[in-house]
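Each chain is listed here by its residues.
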Amino acid sequence: MTIEAALFDYSGTLFRLEADETWAEDLVAADGRPFDAAESAEILHRMTVPSGEVVRFDERGRYAWERRDLDPLLHREAYLQVLGRSGVGPEQAARLYGRMVDPTSWTPYPDTGLVLKSLHAQGIPVAVVSNIPFDVRPAFAAHGWDRYVAVYALSFEVGAVKPDPRLFEWTVERLGVAASAALMVGDSVENDGAATRVGCRFAWVDPLPTDRRPVGLVSALREHGLTV
């Protein structure tokens with residue numbers, strides 16, 4: 001069947017949270033020691049990994065972690081504990097968390113704009129389907145890409161978290177297409193790949209740093225017959 005709609009995950013798929021030189025003063029240990037490159041990369045990984053426990057939580061922290069993408073307050077609580085248990089001091093953790101939930105701090109993959117524009121020009125509607133507790137629309141608006149996104153299916157707004165099939169069902173219903181005519185693109189086989197349970201096709205992309213994945217989205221679409 002021809003693909004009539006494209007669904008994309010946000011983190012690790014269309015955008016990625018990456019540190020630049022302005023992060024240096026916050027990526028330091030509680031004792032003031034700067035984290036080295038490997039430590040910094042691990043902290044960013046813990047801030048963006050789509051599933052699994054990234055630190056050993058206390059009971060309250062685990063409760064917040066399991067519900068983090070449905071409630072902004074629980075999300076903040078969970079990630080401040082992640083950062084604290086990763087050795088980040090309280091003040092730096094609060095600033096790092098602020099960067100995390102600022103969508104304009106996220107870096108788009110090199111082919112994100114190209115893909116969104118091309119699908120729009122072909123009359124193929126796009127949805128962003130994300131487990132996230134904050135509004136990502138400003139990230140797209142900042143690049144002039146908001147006009148290319150027909151539906152935002154954000155977990156904290158919809159009230160469902162991938163791999164719950166309700167999030168995918170909600171999305172295709174609003175796009176006005178059959179699930180079998182939709183392609184879900186994402187970096188998590190567990191979460192994004194669950195779209196296949198409702199009949200969607202699935203394309204996996206590697207959540208590499210943006211400078212190491214220049215055409216990942218283009219390649220994923222081409223594998224399913226979509227040209228960009």
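Under the annotation held in an unreviewed UniProt entry, the protein chain carries the name Haloacid dehalogenase and is attributed to Nocardia terpenica.

### Brief notes about the packing of aromatic side chains
Across all of its chains, the model carries nine aromatic pairs by this definition. Taking 6.1 Å as the distance between ring centres and 50 degrees as the angle between the ring planes, the aromatic pair formed by Tyr10 and Phe140 counts as tilted. Note that Tyr10 is positioned in the loop between β1 (5-8) and β2 (15-16) and Phe140 in helix α6 (residues 137-141), a separation of 130 residues in sequence. Accessibility expressed as a relative area gives 0% for Phe140, which makes it buried. Here a set of aromatic residues connected by ring pairs shows up, and it is made of Tyr10, Phe15, Trp106, Phe134, Phe140, Trp145 and Tyr152. Lying across the ring of Trp65, Arg68 places its NZ or CZ 3.7 Å from the centre. Residue placement shows Arg213 over the ring face of Tyr109; its charged tip is 3.5 Å from the ring centre.

### Brief notes about the environment of Arg85
Structurally, Arg85 is set in helix α3 (residues 72-85). In contact with Arg85, not counting residues within four places along its chain, are Arg46, Val55, Arg56, Phe57 and Asp58. From its side chain, Arg85 meets the backbone oxygen of Arg56 in a polar contact 3.1 Å long.

### Let's talk about unusual backbone geometry
Residue Lys162 is joined to Pro163 through a cis peptide bond whose omega torsion reads 15 degrees. Considering the arrangement of structural elements, one finds Pro163 in the loop between α7 (155-158) and α8 (165-175).

Scoring rules and cut-offs
Residues numbered from 1 in each chain as written. Predicted model: local features only at pLDDT ≥ 70, side-chain atom pairs only at ≥ 80, totals over all residues. Heavy atoms only, no water. Phe/Tyr/Trp six-rings, centres within 6.5 Å; stacked < 30°, edge-to-face > 60°. Helix = DSSP H or I, 4+ residues; strand = E, 2+ residues; numbered from the N terminus. Buried < 20%, exposed > 50% of the residue type's maximum accessible area, 1.4 Å probe, protein only. Lys NZ or Arg CZ within 6 Å of the ring centre and 35° of its normal. Contact = heavy atoms within 4.5 Å. Polar contact = N/O pair within 3.5 Å; in protein donor to acceptor, adjacent residues only side chain to side chain.

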